Amino acid sequence: SGAMMGLAAALILALAPFNIRFAQEARMYTLLTFNAAMAIYALVRLLTDARNTRPIGSQFLEYGRAWRKPRPVEPASGGDFRYQVESRYQTGWRVWINRHNWQSIQTIETDLAWIGFMVFSAATMLTHNTAVFFPIATNTFVLGLILYKRIKKTESMPGFQPPSIGNWVKAQIGIFLLWSPWLVVFIQQASRVYQEFWIPKPDMEIVIQTIESLLFGALFGLSSEIRIIWILYAVMFCLGLLHFRKRISQFLFLAILFAIPLIGELIISIRRPILYDRTLIWITIPLILVLAAGVVQLKFRYLMIAFLGILVTINLFFAGEYYRFMRKEDWSTAAGSVANFAEEDDLVLVNANWVQIPCD
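The present account deals with the structure reproduced in this document.

About the criteria used
- Residues numbered from 1 in each chain as written.
- Predicted model: local features only at pLDDT ≥ 70, side-chain atom pairs only at ≥ 80, totals over all residues.
- Heavy atoms only, no water.
- Salt bridge = Lys/Arg side-chain N within 4 Å of Asp/Glu carboxyl O.
- Helix = DSSP H or I, 4+ residues; strand = E, 2+ residues; numbered from the N terminus.
- Buried < 20%, exposed > 50% of the residue type's maximum accessible area, 1.4 Å probe, protein only.
- Axes fitted to C-alpha atoms, helices over the stretch in contact; angles between N-to-C directions.
- Parallel < 35°, antiparallel > 145°, perpendicular 65-115°, else oblique.
- Left-handed = near helix turned anticlockwise from the far one by under 90°.
- Contact = heavy atoms within 4.5 Å.
- Nonpolar A, V, L, I, M, F, W, Y, C, P; charged D, E, K, R; others polar.
- Phe/Tyr/Trp six-rings, centres within 6.5 Å; stacked < 30°, edge-to-face > 60°.

**As for the pattern of salt bridges**
Here comes step 1: Summed over all chains, the structure comprises six salt bridges.
Here comes step 2: When the shortest N-O distance is used, the salt bridge between glutamate 109 and arginine 45 registers 2.8 Å. Taken as a pair, glutamate 109 in helix H6 (residues 109-127) and arginine 45 in helix H3 (residues 29-47) lie far apart in primary sequence, 64 residues in all.
Here comes step 3: Given a relative accessible area of 25%, arginine 45 falls into the partly exposed group.

**Digging into the packing of helix H7 (residues 133-152) against helix H12 (residues 248-269)**
Here comes step 1: Where H7 contacts H12, the axes come no closer than 9 Å and their chain directions differ by 140 degrees. Taken together, the axes of H7 and H12 are oblique relative to one another. Viewed along their axes, H7 and H12 form a crossing whose handedness is right-handed. Each of Phe133, Phe134, Ile136, Ala137, Thr138, Thr140 and Phe141 in H7 lies in contact with H12, whose residues at this interface are Ser249, Leu252, Phe253, Ile256, Leu257, Ile260, Pro261, Gly264, Glu265 and Ile268.
Here comes step 2: Per-class residue counts for the contact of H7 with H12 are twelve nonpolar, four polar and one charged.

**A short note on the packing of aromatic side chains**
Here comes step 1: For the structure on display, the rule yields 16 aromatic pairs.
Here comes step 2: Their ring planes at 85 degrees and their centres at 6.1 Å tell us that phenylalanine 34 and phenylalanine 120 sit as a pair that is edge-to-face. Placement of phenylalanine 34 in helix H3 and of phenylalanine 120 in helix H6 is noted, with a sequence separation of 86 residues between them.
Here comes step 3: Its relative accessible area of 44% is what places phenylalanine 34 among the partly exposed residues.
Here comes step 4: For phenylalanine 120, a relative accessible area of 21% gives the class partly exposed.
Here comes step 5: What links up through ring pairs into an aromatic cluster is the set Phe216, Trp230, Tyr233, Phe317 and Phe318.

Structure (structure tokens):
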């Protein structure tokens, strides 16, 4: 929705305390956010490309056919009507390059977006098991968009152009095939987690604390200040809704990406608690985009700068609190002890069986 919204979102995300916190750890959460961001970007490229109904791979085939044809011979400079032979004094790889017709990257960008979406969707699920909610969210939106188009008999929903059902099914098969080597381990880990409780059963207070963590990484007791911050974020959220009033499909896209993983973890937590704020770190992307839309909706430059400055100040404050008070787990000492004292045929006991694979 514009460069200003992108810059505002980038600034908020770069200084988000929750994301800063897990960027300090050699764990999967920041990688999870990156993979999800790339998959979302590729999907948006597809949904805004009128060529997304063409069969996947057709652009690569056309590019290959054109690439194999000799490049058109250019007229020689000057007044004489003759053609210059570019490869006359060239050898090796220069001849090979000049012999082919290299076209613009735009001619294959739709197929590249399909590949990017499949690769990074699979990478998102491979980064953390709870990211299985990512394909559920994307399928909910895209299949709903396809259904809407068929019911309304319109070309597309304002803002987005749905792909063909055939292309979408092929993409889901590709994602599954890329993820499938992890399927057996996923089932094993899920069954082990099902047998053990390691986090409390979520209630309304835990849900609110989870959203607070995603918004501004609140880790410390500042009850009165937190209420004021909640009001500020509520105002920015309402302004974001106002910004998307004529782009309802874009808002639904962001809302589904945010809500389905959160609701999904809550539903599963009825049986076994899995709601854990860090596993939802990637849904800060749609959340921050709505806040950035609220900043842009203010219209006036100085007002936008003022509100953006307030959000940045809040982020910097809580980031500072994290650096001052947060105690990190001392994994380096444990790893150093094993590295220094372990001998052949020693047994290493792991107190949580779902971390046995990285220990192996």
